[in-house]
Amino acid sequence: MGTYGRYLFRHLPELAGLAFAVWIQFHFAYWGTRTGFGRRSLKLRLASWAAALLLAGWCVFGVLAHFPSGYRSLPASMPVYWLRGGALAWAFASVCAYFVLLLWRRMPEFDPARRGFIQTAGTLAVAAPFGVLGFGMFIQRSAFRVTEVEVPVANLAPELNGLRIAHLSDIHMSPFLSEAELARAVGLANELKPHLGVITGDFITSEGDPLEACLRQLARLKAEAGLVGCMGNHEVYARCQDAAEQIGRRVGIDLLRKRRREFRFGNAVLNVAGVDWQRPPRMLSGTARLLVPSATNIMLSHNPNAFDAAAEQGWDLTLAGHTHGGQINVEILEKGLNPARFFTDYVYGPYRKGSSSLYVTRGIGTVGLPARIGAPPEVALIRLCAI
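Residues numbered from 1 in each chain as written. Predicted model: local features only at pLDDT ≥ 70, side-chain atom pairs only at ≥ 80, totals over all residues. Heavy atoms only, no water.

Colleague: What's the story with the overall build of the protein chain in this structure? I'm lost.
Modeller: Counting its regular elements, the protein chain contains eleven helices and 14 strands. Buried positions account for 52% of the 387 residues belonging to the protein chain. Residue pairs at least 24 apart in sequence account for 74% of intrachain contacts in the protein chain once pairs closer than 6 positions are excluded. Surface accessibility of the protein chain: about 18,100 Å² in total, with carbon and sulfur atoms responsible for 60%. (Helix = DSSP H or I, 4+ residues; strand = E, 2+ residues; numbered from the N terminus. Buried < 20%, exposed > 50% of the residue type's maximum accessible area, 1.4 Å probe, protein only. Contact = heavy atoms within 4.5 Å. Areas by Shrake-Rupley, 256 points an atom, 1.4 Å probe, with all protein chains shown as cover.)

Colleague: Help me understand the side chain of glutamine 217 in this model?
Modeller: Here glutamine 217 shows up in helix H8 (residues 211-218). By relative accessible area, which is 11% here, glutamine 217 ends up buried.

Colleague: Honestly, helix H7 (residues 179-191) in this entry has me stumped. Any pointers?
Modeller: Residues lying three or four places apart along an α-helix face the same way, a consequence of the helix completing one turn every 3.6 residues. Between its first and last C-alpha, H7 extends 19 Å over 13 residues, near the 18 Å set by a 1.5 Å rise per residue. Within H7, the full set of buried residues consists of Glu181, Leu182, Ala185, Val186 and Ala189. One side of H7 holds all its buried residues, which, seen down the axis, span an arc of 140°. Along H7, exposed side chains directed more than 90 degrees from the buried face belong to Ala180 and Glu191. As for H7, its buried residues are in contact with strand E2 (164-168), H8 and strand E14 (378-386). (Expected span 1.5 Å × (residues − 1). Arc of directions from axis to C-beta.)

Colleague: Would you explain the nonpolar core in this entry?
Modeller: If you look at soluble globular proteins, the nonpolar side chains tend to sit buried side by side. In terms of nonpolar packing, the biggest core is built from 33 residues, with Leu168, Ile171, Phe203 and Leu218 touching the most fellow members. When residues of this core are traced back to their parent elements, those giving at least two are E2, H7, H8, helix H10 (241-251), strand E5 (253-255) and E14. Top element by residues in this core is H8. It accounts for five residues. Once you skip the residues sitting within four places of it in the chain, leucine 168 turns out to touch Val186, Val198, Ile199, Thr200, Leu218, Leu221, Ile364 and Val379. Ranked by size, the runner-up nonpolar core spans 25 residues in total, among them Ile165, Val198, Cys230 and Leu384. (Core = buried A, V, L, I, M, F, W, Y, C linked by side-chain atoms within 4.5 Å.)

Colleague: Hey, could you run me through the sheet that holds E14 in this one?
Modeller: The strands that make up a sheet are held in pairs by hydrogen bonds between backbone atoms, and each pair lies either parallel or antiparallel. On the basis of which strands lie adjacent, the open sheet formed by six strands has the order E1-E14-E2-E3-E4-E5 and mixed pairing. Looking along the sheet, the strands with just one partner apiece sit at the ends: strand E1 (145-153) and E5. Taken pair by pair, the neighbouring strands of this sheet meet at an average axis angle of 25°, ignoring direction. Alignment of E2 against E14, held across four bridges, turns out to be antiparallel. Looking at the pairing, arginine 164 lines up with arginine 383 of E14. (Pairing = 2+ DSSP bridges. Axes fitted to C-alpha atoms, helices over the stretch in contact; angles between N-to-C directions.)

Colleague: Got a minute to help me understand the packing of H8 against H10 in this structure?
Modeller: Helix packing geometry: the angle between the two helix axes and the distance between the axes. Taken N-terminus to C-terminus, the directions of H8 and H10 make an angle of 35°; their axes are 10 Å apart at the nearest point. The handedness of the crossing between H8 and H10 is right-handed. Of H10, the residues touching H8 (which contributes Leu211, Glu212 and Leu215) are Ala243, Ala244, Ile247, Gly248, Arg250 and Val251. Its residues placed into classes, the contact of H8 with H10 shows six nonpolar, one polar and two charged. (Left-handed = near helix turned anticlockwise from the far one by under 90°. Nonpolar A, V, L, I, M, F, W, Y, C, P; charged D, E, K, R; others polar.)

Colleague: Looking at this structure, how should I read the state of the cysteines?
Modeller: Under the counting rule described, the total for this entry stands at zero disulfides. The structure places no disulfide on cysteine 240, whose sulfur is separated from the nearest cysteine sulfur, that of cysteine 214, by 9.6 Å. Cysteine 240 sits in the buried class, given a relative accessible area of 7%. (Disulfide = S-S within 2.5 Å.)

Colleague: Help me out: how do you make sense of H8 in this one?
Modeller: Within H8, six of the eight residues are buried, leaving the element largely enclosed by the surrounding structure. Where H8 is concerned, the buried positions are Leu211, Ala213, Cys214, Leu215, Gln217 and Leu218. Its buried side turned inward, H8 meets E2, H7, strand E3 (196-200), strand E4 (227-230), H10 and E5.

Colleague: Teacher, can you tell me more about the pairing of strand E6 (residues 259-265) here?
Modeller: Along any regular strand the residues' side chains alternate between the sheet's two faces. Relative to strand E7 (residues 268-274), E6 runs antiparallel, the two sharing seven bridges. Looking at E7, one finds that phenylalanine 265 is bridged to alanine 268. In this structure, the hairpin formed by E6 and E7 is closed by a connection of two residues, where glycine 266 is found at a positive phi of approximately 65°.

Colleague: Where do I start with the packing of aromatic side chains in this structure?
Modeller: How two aromatic rings sit relative to each other is given by the distance of their centres and the angle of their planes. Counted under the stated rule, the structure contains three aromatic pairs. Each ring, one from phenylalanine 307 and one from tyrosine 346, has its centre 5.5 Å from the other, and the planes form 85°; the classification is edge-to-face. On the criterion of sequence distance, the pair formed by phenylalanine 307 in helix H11 (residues 307-313) and tyrosine 346 in the loop between strand E11 (335-337) and strand E12 (349-353) is long-range, its members being 39 residues apart. Classification of phenylalanine 307 as buried rests on a relative accessible area of 1%. Measuring from ring centre to ring centre gives 5.1 Å for tyrosine 346 and tyrosine 351, while their planes differ by 75°; the resulting arrangement is edge-to-face. Assessed through its relative accessible area of 23%, tyrosine 351 is described here as partly exposed. Linked through ring pairs, Phe307, Tyr346 and Tyr351 together constitute an aromatic cluster. (Phe/Tyr/Trp six-rings, centres within 6.5 Å; stacked < 30°, edge-to-face > 60°.)

Colleague: Help me out: how do you make sense of a nonpolar patch on the surface in this one?
Modeller: Where nonpolar side chains cluster on the molecular surface, the patch consists of Phe135, Phe138 and Ile139 and spans about 340 Å² of accessible area. You can see isoleucine 139 is positioned in the loop between helix H6 (115-138) and E1. (Patch = residues over 30% accessible without salt bridge, like charges linked within 9 Å, V, L, I, M, F, W, Y side chains within 5 Å. Salt bridge = Lys/Arg side-chain N within 4 Å of Asp/Glu carboxyl O.)

Written out as structure tokens, the structure reads:
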């Protein structure tokens, strides 16, 4: 499979979603022309068809420009990157608005005296997804917050009780996350005065994104024992694993690629191991040898689905990312509805299986949609505590 074939295969769900959204926009324009608002307002009818044509052109140009070596060859890569992200956001909002409109049309007829109010409410309901996406793109996307969580560890040495670990993940440094924004997130981590800093992958999104600038900013994280990390799936997609390892070594971030590193705090040993991007069915294959008896053992895996294997092998704590906490998350009856639930049971927060613990962070950046809704970016502070 060639370069373009791999791109199409990897982005097939995204391309299908864009095509569906374009169809919805045209259907919405046709629907509006045949029903109420189209007959009453020529301007509104023309605006509806113009929006459909604009979305179609936006999607086609944005996707083609984002092909491998596509937008990078253009003189203004950042606007094109935002063009593609904006097309995805518009597509997502259009789909949501379409289904809101379907539900609205199925409601019973209302008293004619109240028709004006009902029509206004319906318009606001259809416009709501676009407003929410705007909030997620321009406000919540960079509203970094600190999350502190205590993780119980069996047989924890007294010297490690209360140990603070700053956990960053899913940076995705690109036009949707500037170097200044990443510096602000690292500044929040530094205020926590961690004993150890860990970074669990996805430094960039695509080939050509500023990998060195990202690692240079991450290296500003000041931790007593130093910085370690692992790599994610986007390092594989961007073909930059070796480059990331070399740059990390130069700036002071030890990226553990099926390796371990021991840290001593008094007489206690903290053993931290890391792996590259893991896929089933051979999750954490050959990593049991990295365990150190009598030490507290931590596994760094970008993919949280490695937790089952980590618990079986006997790792005390697994730190992961990848899910972005769903990135677009809607809470209903205390249950989060988000895309991440389709591929993992470990979407966000602490989990426990036997004597093993897992923490999945929401991470810093975004992928696909340049927005976060109900899943704000976070700097996680993990505190080890004795059971």
